[in-house]
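Fold and contact review
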Amino acid sequence: MSASLSTRLLDWYRQSARRLPWRDRPDAYNIWVAEIMLQQTRVETVIPYFERWMSLFPTLQALAEADLQTVLAAWEGLGYYARARNLHRAARLVVQKYDGQLPSSIFELKSLPGIGDYTAGAIASIAFGLDEVAVDGNVRRVLARAFNLDIPARSPEGERRLLELARQHLPPGRAADYNQALMDLGATICTPRSPLCEECPLSELCLAKKMGLQAQRPIGVPRKEVPLYTVCAAVLRCGKRVLIAQRPQGGLLGGLWEFPGGKVQAGESLVEALKREILEELAVGVEVGAELGRYAHAYTHFRINLTAFECRLVNGASPQAREHTRLRWSEPDELINFPMGKVDRQIAQTLVARERDAYVETAAG
């Protein structure tokens, strides 16, 4: 099946390969950035971000020399911000250790922040032409169906067998096209639901299709229940300015700016929780005013329902950055200059919209 599978796959790819901007200029830097952006993000979402990124940071050296806040601002909206921080940190390491040239070996690539087995394999094969495999979710699904893998694909044994199958069928010297063909096939034909089996170049070879099991492959691992947290945030004002706080570099949304607040604990009301959180984070008391808005968002391992409130400081106290890197008072229309996560950006947009509406009403009056 080896020669037949790879031959059919490469023949199909020759005719059906997706046109993607990083394929037009497949140097190591472009491939690296694209593969990091594509982690847990759809191609159609990534394309405009990739093109804007390359206009801002056209070379690895340019990325290494950029300020982290500029990098995070360019990444805003893609989510999983550790990817951007790791790209920036890795670029600086490459400049220091490898004279600005991304290394080609799997071992050296995996020593860089944010590069694991899949990304290292993709860079080594696509950018450097090495005979390495790259098994992502699309490739995993194609192989699990083609060979009717009867154990969970993401289990340790499932991963081992899929890597073995990918290596077994890799045509020497053609790893770049082979890996990208598997990726494209999984993304466009061998999709998670309703695969287009009649259009698939591997249809005659696919064991799951022969047994009518393609809808049951790959076998998944039962998902854990995703917890839901109730969260509150304060829009503290000083005249027209509002207070924003920068999160520490490590951890979720590290380096981004937010409106201070936190989780509601058992038995607390939203107002009680917000007063406690602001006292803990900023060492000041606040008076909680009108509700500004309600926002919902899903992260990888949890979901939140957040309520934002207008607040003011009491007793003329001055906020302190107890749990943040920095604090900043900002005009609402200047908030666009500070990289934020999705919910905090929505709060900022609400503030700007209300200020604009108030201006229009005043002008009309």
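As the structure is a computational prediction, the values presented were derived from the model and not from experiment.

A complete count under the given rule lists seven aromatic pairs for this structure. Centroid distance Trp22 to Phe50: 5.2 Å. Interplanar angle 75 degrees. Geometry classified as edge-to-face. With Trp22 in helix α2 (residues 21-24) and Phe50 in helix α4 (residues 43-56), this pair connects stretches of sequence that are 28 residues apart. Each member of the pair, Trp22 as well as Phe50, is classed as buried.

This brings us to the pattern of salt bridges. All chains considered together, the criterion is met by 21 salt bridges. A salt bridge links Arg8 to Glu204; the nearest nitrogen and oxygen atoms lie 3.4 Å apart. With a gap of 196 residues between them, Arg8 in helix α1 (residues 2-16) and Glu204 in the loop between α12 (175-188) and α13 (207-210) connect regions that are remote in the sequence. Glu204 sits in the exposed class, given a relative accessible area of 59%. One continuous salt-bridge network, built from bridges that share partners, spans Glu268, Arg276, Glu277 and Glu280.

The subject of this paragraph is the nonpolar core. Grouped together as the largest cluster of nonpolar side chains are 78 residues, with contacts concentrated most on Tyr29, Trp32, Met37, Trp53, Trp75 and Leu102. At eight residues, helix α3 (residues 28-37) tops the list of elements feeding residues into this core. The residues touching Leu102, leaving out its near neighbours within four places in the chain, are Ala28, Trp32, Leu60, Val94, Leu109, Leu112, Ile123 and Phe128. Within the second largest apolar cluster, 20 residues are counted, among which are Leu335, Val343, Ala348 and Leu351.

The terminal C-alpha atoms of α4, which comprises 14 residues, lie 20 Å apart, in line with the 20 Å expected from a rise of 1.5 Å per residue. Among the residues of α4, Val43, Val46, Tyr49, Phe50, Trp53 and Met54 are the ones counted as buried. Seen along its axis, α4 keeps its buried residues to an arc of 135 degrees; they face one direction. Elements that come into contact with the buried residues of α4 comprise α2, α3, α5 (60-65), α6 (68-75) and α7 (82-98).

On to the packing of α4 against α6, then. As a packed pair, α4 and α6 sit with axes 10 Å apart at the nearest point and diverge in direction by 155 degrees. By the angle class used here, α4 and α6 are roughly antiparallel. Of the two possible hands of crossing, α4 and α6 adopt the one that is right-handed. Residue-level inspection shows Tyr49, Arg52, Trp53 and Leu56 of α4 in contact with α6, the latter providing Val71, Ala74 and Trp75. Residues of the contact of α4 with α6, tallied by class, amount to six nonpolar, no polar and one charged.

Mean pLDDT over the protein: 94, with 97% of residues reaching 70 or higher. Across the protein, strand β3 (residues 257-258) holds the top mean pLDDT of 98, while helix α15 (residues 342-364) sits lowest at 80.

A separate point is helix α9 (residues 117-127). Most of α9 sits inside the fold, with nine of its eleven residues counted as buried. The set of residues buried in α9 consists of Tyr118, Thr119, Ala120, Gly121, Ala122, Ile123, Ala124, Ser125 and Ile126. Contacts made by the buried residues of α9 are with α3, α8 (106-110) and α12. Just past α9, the residue Gly129 takes up positive phi, approximately 70 degrees.

Next up on the list: unusual backbone geometry. Here the bond from Arg217 into Pro218 is cis, since omega is 0 degrees, no more than 30 degrees from zero. Looking at the element boundaries, Pro218 is found in the loop between α13 and β1 (228-238). One non-glycine residue, Asp99, lies in positive phi territory at about 55 degrees. Note on placement: Asp99 falls in the loop between α7 and α8. At Ala283, a residue that is not glycine, the phi angle is positive and equals roughly 60 degrees. With respect to the helices and strands, the residue Ala283 is situated in the loop between α14 (270-282) and β5 (286-298). Residue classification places Ala283 among the partly exposed residues on the basis of a relative accessible area of 23%.

Let us look at the packing of α9 against α12. Think of two packed helices as two axes; the pair is described by the angle between the axes and how far apart they sit. The contact between α9 and α12 brings their axes to 7 Å, and the two run at 130 degrees. With respect to their mutual orientation, α9 and α12 come out oblique. Crossing hand, α9 versus α12: left-handed. Within the contact between the two elements, α9 uses Tyr118, Gly121, Ser125 and Ile126 and α12 uses Ala175, Ala176, Asn179, Gln180 and Met183.

What counts as what
Residues numbered from 1 in each chain as written. Predicted model: local features only at pLDDT ≥ 70, side-chain atom pairs only at ≥ 80, totals over all residues. Heavy atoms only, no water. Phe/Tyr/Trp six-rings, centres within 6.5 Å; stacked < 30°, edge-to-face > 60°. Helix = DSSP H or I, 4+ residues; strand = E, 2+ residues; numbered from the N terminus. Buried < 20%, exposed > 50% of the residue type's maximum accessible area, 1.4 Å probe, protein only. Salt bridge = Lys/Arg side-chain N within 4 Å of Asp/Glu carboxyl O. Core = buried A, V, L, I, M, F, W, Y, C linked by side-chain atoms within 4.5 Å. Contact = heavy atoms within 4.5 Å. Expected span 1.5 Å × (residues − 1). Arc of directions from axis to C-beta. Axes fitted to C-alpha atoms, helices over the stretch in contact; angles between N-to-C directions. Parallel < 35°, antiparallel > 145°, perpendicular 65-115°, else oblique. Left-handed = near helix turned anticlockwise from the far one by under 90°. Nonpolar A, V, L, I, M, F, W, Y, C, P; charged D, E, K, R; others polar. pLDDT = per-residue confidence, 0-100.

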